[in-house]
Amino acid sequence: PVFDKIKKDLGIPVLTDVHTSEQCEIISKHVDVLQIPAFLCRQTDLLVAAAKTGKTINIKKGQFMSPDSMEFAVNKVKESGNDKIMITERGTQFGYDDLIVDFRSIPKMRKIAPTILDVTHSVQKPNQTSGVTGGNPEYIESLARAGIVNDVDGIFLETHTDPSKSKSDGANMLSIDKLEDLLQNLLELRSTSSKL
């Protein structure tokens with residue numbers, strides 16, 4: 001019901017994660033895009049079940065995967081009869097507690113499918129000694145601008161009125177009071193870079 005309410009009240013497309021094959025058919029009746037989480041991007045049964053719903057599928061690149069290897073995940077969806085696919089770059093594990101966005105990944109993955117850059121999960125600091133994921137939100141805007149200049153097909157980001165009070169991922173969220181300025185800046189940058 002929460003997805004139906006969002007669609008009705010805000011009139012926007014809705015995307016959500018699916019974690020099991022059984023969830024795909026149920027949730028697909030209420031959302032526009034099924035998202036495969038990064039840690040599950042190699043799970044054949046999940047990719048096939050999501051594909052069979054006919055919905056657009058957003059596959060987040062695992063932090064442990066090369067950009068080229070995303071072709072195999074995409075092919076599992078295509079071979080199940082669904083060509084509505086996006087890939088999302090969300091950083092690559094660097095050491096034990098950091099993620100790095102390698103911008104060489106963008107053109108490589110764009111040859112496979114439209115590619116989105118997740119600028120909030122990419123600034124996560126996993127495996128902190130506190131047991132809670134940390135983050136460097138001060139780099140969100142820089143990553144977003146770099147993504148636009150490098151021709152990503154879209155930007156994915158999470159925002160909150162008070163990230164410190166978010167139930168999940170607060171350490172790497174953009175404060176909502178910065179959202180409008182960032183989006184305006186990205187639109188202007190896209191317009192300028194497309195003329196070059």
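Residues numbered from 1 in each chain as written. Predicted model: local features only at pLDDT ≥ 70, side-chain atom pairs only at ≥ 80, totals over all residues. Heavy atoms only, no water.

## Some remarks on the overall build of the protein chain
Moving on, step 1. A tally of helices and strands in the protein chain yields 7 helices and 12 strands.
Moving on, step 2. The C-alpha atoms of the protein chain give a radius of gyration of 17 Å, which matches the 16 Å a tight globule of 196 residues would have.
Moving on, step 3. Overall, the protein chain is about 40 × 40 × 35 Å in size when its C-alpha atoms are taken along their principal axes.
Moving on, step 4. Here the protein chain holds 196 residues, and 40% of them are scored as buried. (Helix = DSSP H or I, 4+ residues; strand = E, 2+ residues; numbered from the N terminus. Rg over C-alpha atoms; globule rule 2.2 N^0.38 Å. Buried < 20%, exposed > 50% of the residue type's maximum accessible area, 1.4 Å probe, protein only.)

## Some points on unusual backbone geometry
Moving on, step 1. For D151, which is not glycine, the phi torsion reads 65° and is therefore positive.
Moving on, step 2. Note on placement: D151 falls in the loop between helix 6 (140–149) and strand 10 (154–156).
Moving on, step 3. Residues other than glycine seldom take positive phi values, yet D169 does so here, at roughly 60°.
Moving on, step 4. Checked against the element boundaries, D169 lands in the loop between strand 11 (159–160) and strand 12 (174–175).

## Considerations on the nonpolar core
Across soluble globular proteins, you tend to see nonpolar side chains buried next to one another.
Moving on, step 1. Grouped together as the largest cluster of nonpolar side chains are 25 residues, with contacts concentrated most on L34, I36, I59 and M70.
Moving on, step 2. Mapped by element, the contributors of at least two residues to this core are helix 2 (21–28), strand 2 (33–36), helix 3 (44–51), strand 3 (56–60), helix 4 (70–78) and strand 4 (85–89).
Moving on, step 3. In terms of residues, this core owes the most to one element, helix 3, which gives 5 residues.
Moving on, step 4. Discounting chain neighbours no more than four positions away, the residues touching M70 are C41, I59, K60, K61, M65, I87, M109 and I112. (Core = buried A, V, L, I, M, F, W, Y, C linked by side-chain atoms within 4.5 Å. Contact = heavy atoms within 4.5 Å.)

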